[in-house]
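Below, each chain spelled out in residue letters.
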Amino acid sequence: MLRALEAYECDPTVQCITLKGKGKAFCSGGDVKGVICSSGAGHWSFAGAFYRSELILDYLIATYSKPVIALVDGVVMGGGAGLAMHAAFRVVTENTVFAMPEASIGLFPDVGASKFLSKLPGSFGEYLALTGARLDGGEMLACGLASHFVLSKDLPLLEKSVCEGAPLEKSTISDLLNRFAHKPILKENSSFRRLEIINRCFSKPTVEEILSSLKENEVENDGEKKWVKYAIRSMKSASPTSLKITLKSIRGGRAQTMEQCLIHEYTISCHMLRRSMHRDFYEGSRAMLLDKDKKPQWDPPKLELVTDELVDKFFRGLGGVDPYWVDLRLPIRSGQTMARAKI
């Protein structure tokens, strides 16, 4: 896919790119199993090379000189979110389901999530990253993850119109998509309708304080109990180390460029693959994806045992220390496309 996009960008006959899934999902990740197996069977650097290619692909999409349209009709999680969320146009439908549940397997929201989640209103990005909460297409449009909502049945005609349109510049594509777009009604129990409470809870300085604030709101607001209970349960079952890394990553991303976000995410991923500081990614993948006993044994097992010093180490590279460590070097892009990535 990386090589194809590079070729299309230089091809004068290609005016825009459309990304879509094959089947019922856009892309639900699925790369984690491969990463774990390749790392376990060989060396952690094999999986590191995979992550490097994945992040370079995400960066290419984010800085692409031609319009990219992601047609997200179905589940989009993990690596799939990295492909879709960096596209210039992100079209969702009534079938779309989005989530970033990486902390539940001892990982953290990567593929540029520290950029696209940190840009969401208030502390909604922290909420999605720490709880792995799911959003439907209407919620994605409301919070800004999606640019357009189109009915699934209209996608074939939309694609046909894109193929027949000329010239395909951003303004003409935007006008075309607007002709197919709908404004869905946000469901009554949507978490985005609870943004005031989410901001109050998830703006707290630490994961411990966020959990404490959620518990207080669980008691005070009977009508809010369902989503609060889910948030508390999700965070309590996730890797304590991953939760703290996630919070630092998302908040750091607000002040970083796209390039800086991808570089710090790659650094964290390599540390997790090396297993020198903890093994939660491997343990979480075993419990949730491989053996499926749903009983991961996190180490450390409690938030209060995860120190700031440990978390900070995940953000520091090991160039010159580990002979297999390769820093992420992103391709040089033109000034015009770089500007998009820095937004």
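As shown above, the structure is provided for reference.
This text gives an overview of the structure that appears in the document. (Residues numbered from 1 in each chain as written. Predicted model: local features only at pLDDT ≥ 70, side-chain atom pairs only at ≥ 80, totals over all residues. Heavy atoms only, no water.)

Turning next to the sheet that holds strand β5 (residues 97-99). Overall, mixed pairing links the three strands, which are arranged β3-β5-β6 in an open sheet. Each end of this open sheet is capped by a strand with a single partner; those strands are β3 (75-77) and β6 (135-136). In this sheet, β6 lies alongside β5 in antiparallel orientation, the contact comprising two bridges. If you follow V97 over to β6, its bridge partner there is D136. (Pairing = 2+ DSSP bridges. Helix = DSSP H or I, 4+ residues; strand = E, 2+ residues; numbered from the N terminus.)

Another aspect to go through is the pairing of strand β4 (residues 89-92). The alternating pattern of β4 places F89 and V91 and R90 and V92 on opposite faces, both of which are buried. Of the pairings in the sheet, the one linking strand β2 (residues 68-72) to β4 comprises four bridges and is parallel in character. If you follow I69 over to β4, its bridge partner there is F89. In this structure, β4 lies alongside strand β7 (residues 148-149), joined through two bridges in parallel fashion. (Buried < 20%, exposed > 50% of the residue type's maximum accessible area, 1.4 Å probe, protein only.)

Moving on: the sheet that holds β2. Read from one edge to the other, the open sheet built from four strands follows the order β1-β2-β4-β7, with strand pairing classed as parallel. The open sheet is flanked by β1 (17-20) and β7, the only strands paired with a single partner. Looking at chain direction, β1 and β2 are connected through four bridges and run parallel. The residue bridging K20 from the neighbouring strand is L71, located in β2.

Time to look at the packing of aromatic side chains. Evaluation of the coordinates by the stated rule reveals seven aromatic pairs. An angle of 80° between the planes, with centres 5.1 Å apart, marks the rings of F124 and F192 as edge-to-face. Taken as a pair, F124 in helix α6 (residues 124-131) and F192 in the loop between α9 (170-180) and α10 (195-202) lie far apart in primary sequence, 68 residues in all. Using a relative accessible area of 0% as the deciding quantity, one classes F124 as buried. Judged by its relative accessible area of 16%, F192 is buried. Their ring planes at 80° and their centres at 5.4 Å tell us that Y127 and F202 sit as a pair that is edge-to-face. Of this pair, Y127 sits in helix α6 while F202 sits in helix α10, and the two are 75 residues apart along the sequence. Residue classification places F202 among the buried residues on the basis of a relative accessible area of 0%. Among the aromatic residues, ring-to-ring pairing joins F124, Y127, F192, F202 and W227 into one connected group. Lying over the aromatic face of F315, K248 brings its terminal NZ or CZ to 5.1 Å of the ring centre. (Phe/Tyr/Trp six-rings, centres within 6.5 Å; stacked < 30°, edge-to-face > 60°. Lys NZ or Arg CZ within 6 Å of the ring centre and 35° of its normal.)

Tracing the backbone through its elements, the reader meets A47 in helix α3 (residues 44-62). Judged by its relative accessible area of 0%, A47 is buried. Taking the C-alpha atoms as reference points, A47 and G34, separated by 13 residues in sequence, lie 8.3 Å from one another. Setting aside anything within four residues of it in sequence, one finds A47 in contact with V35, S38, S39 and L273. (Contact = heavy atoms within 4.5 Å.)

We now examine the packing of α3 against helix α14 (residues 258-274). Running from N to C, α3 and α14 cross one another at 165°; their axes reach a closest spacing of 10 Å. If you check the angle between α3 and α14, you find them roughly antiparallel. Both α3 and α14 take part in a crossing whose hand is right-handed. Seen from α3, the contacting residues are W44, A47, G48, Y51, R52, L55, Y59 and A62; seen from α14, they are M258, E259, L262, E265, Y266, S269, C270, L273 and R274. (Axes fitted to C-alpha atoms, helices over the stretch in contact; angles between N-to-C directions. Parallel < 35°, antiparallel > 145°, perpendicular 65-115°, else oblique. Left-handed = near helix turned anticlockwise from the far one by under 90°.)

That is the geometry; function is a separate question.
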